[in-house]
Amino acid sequence: MSTVEVFERWAQEYDAWFATHIAAYHSELAAVKVFLDGREPSLEIGVGSGRFAGPLGVTFGVEPAWSLAKLAQARGVKVVQGRAEFLPFAEATCKLVLLITVLEFVPDPEQAVQEALRVLQPGGRLVVALLDPASPLGRCYEARKDQSKFYAQARFLPVLQVLEWLAARACRPLQVVQTIFREPAQLIGPEPVRPGHGEGLFVVIAADKPERRPA
């Protein structure tokens, strides 16, 4: 079964995780918010059930699993069906693009980053969230991923790999932040958001696309 089919079949179960692990969810939202400043129009690639795009006020979403897309639409997001590597948007149409725990699940994550930058306007911001395999919890997730229907086919990317892809495209890096330092099921309140990576499971990277050079 493909990754898209998994999320299509178990969309409700995936969405329920955020309600069951509310402290972890709020921690992740707080980490993403560090880099948001009201830029519009905005797009979340792999919008899922809209758990981030909805409360963050993101305008548009792209999602291959239509069962999830319908949940995002119910949260006020305008969703089109599509894949991260082949976005149905014209070049330089967005001022903010988010990829939140998506690169782990796409066949070609570097192409997904390239596509995200393609649809960004010069000076626009790309925000990427990852599950950090170098963190203590990330190592646990990697070790037991075969026990999860959602993570069985995931590939957890090193944070430094994504930073290298951005640097190779001359993107101006911003601060990297991390959160979720304990098992999500054990949390009774939001985790802190700290600079850096390697300790927290959920890492957020942001970079601004270069401005066009004068002709």
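A brief look at the structure comes next. Note that the structure is predicted; figures quoted are calculated from it, not measured.

**Describing the nonpolar core**
Phase 1: Of all hydrophobic cores here, the largest spans 43 residues; its most connected members are V32, F52, L98, V127, F202 and V204.
Phase 2: Looking at this core element by element, the count peaks at six residues for helix α3 (residues 22–33).
Phase 3: In this structure, L99, L103, A112 and L126 belong to the second largest nonpolar core, which totals 31 residues.

**Some remarks on unusual backbone geometry**
Phase 1: Here the residue pair E40 and P41 is connected by a cis peptide bond, since its omega of 0° sits within 30 degrees of zero.
Phase 2: Among the secondary structure elements, P41 is positioned in the loop between α3 and β1 (42–45).
Phase 3: In this structure, T101 takes a positive phi of about 45° despite not being glycine.
Phase 4: Non-glycine residue I180 carries a positive phi angle of around 70°.
Phase 5: On the secondary structure map, I180 appears in the loop between β7 (177–179) and β8 (194–195).

**Looking at the environment of A143**
Phase 1: You can see A143 is positioned in helix α7 (residues 136–143).
Phase 2: The exposure class of A143 is exposed, given its relative accessible area of 69%.
Phase 3: Taking the C-alpha atoms as reference points, A143 and P55, 88 residues apart in sequence, are found 32 Å from one another.

**Some points on the packing of helix α2 (residues 11–20) against α3**
Axis angle and axis distance: for two packed helices, these are the angle between their axes and the distance between the axes, and together they describe the pair.
Phase 1: Two elements in contact, α2 and α3, have axes whose closest approach is 5 Å; the angle formed by their N-to-C orientations is 90°. Accordingly, the angle class assigned to the pair α2 and α3 is roughly perpendicular. In this structure, α2 contributes W17, F18, A19 and T20 to the contact, and α3 contributes I22, A24, Y25 and E28.

Criteria and thresholds
Residues numbered from 1 in each chain as written. Predicted model: local features only at pLDDT ≥ 70, side-chain atom pairs only at ≥ 80, totals over all residues. Heavy atoms only, no water. Core = buried A, V, L, I, M, F, W, Y, C linked by side-chain atoms within 4.5 Å. Buried < 20%, exposed > 50% of the residue type's maximum accessible area, 1.4 Å probe, protein only. Helix = DSSP H or I, 4+ residues; strand = E, 2+ residues; numbered from the N terminus. Axes fitted to C-alpha atoms, helices over the stretch in contact; angles between N-to-C directions. Parallel < 35°, antiparallel > 145°, perpendicular 65-115°, else oblique. Contact = heavy atoms within 4.5 Å.

So yeah, pure geometry; function would need other evidence.
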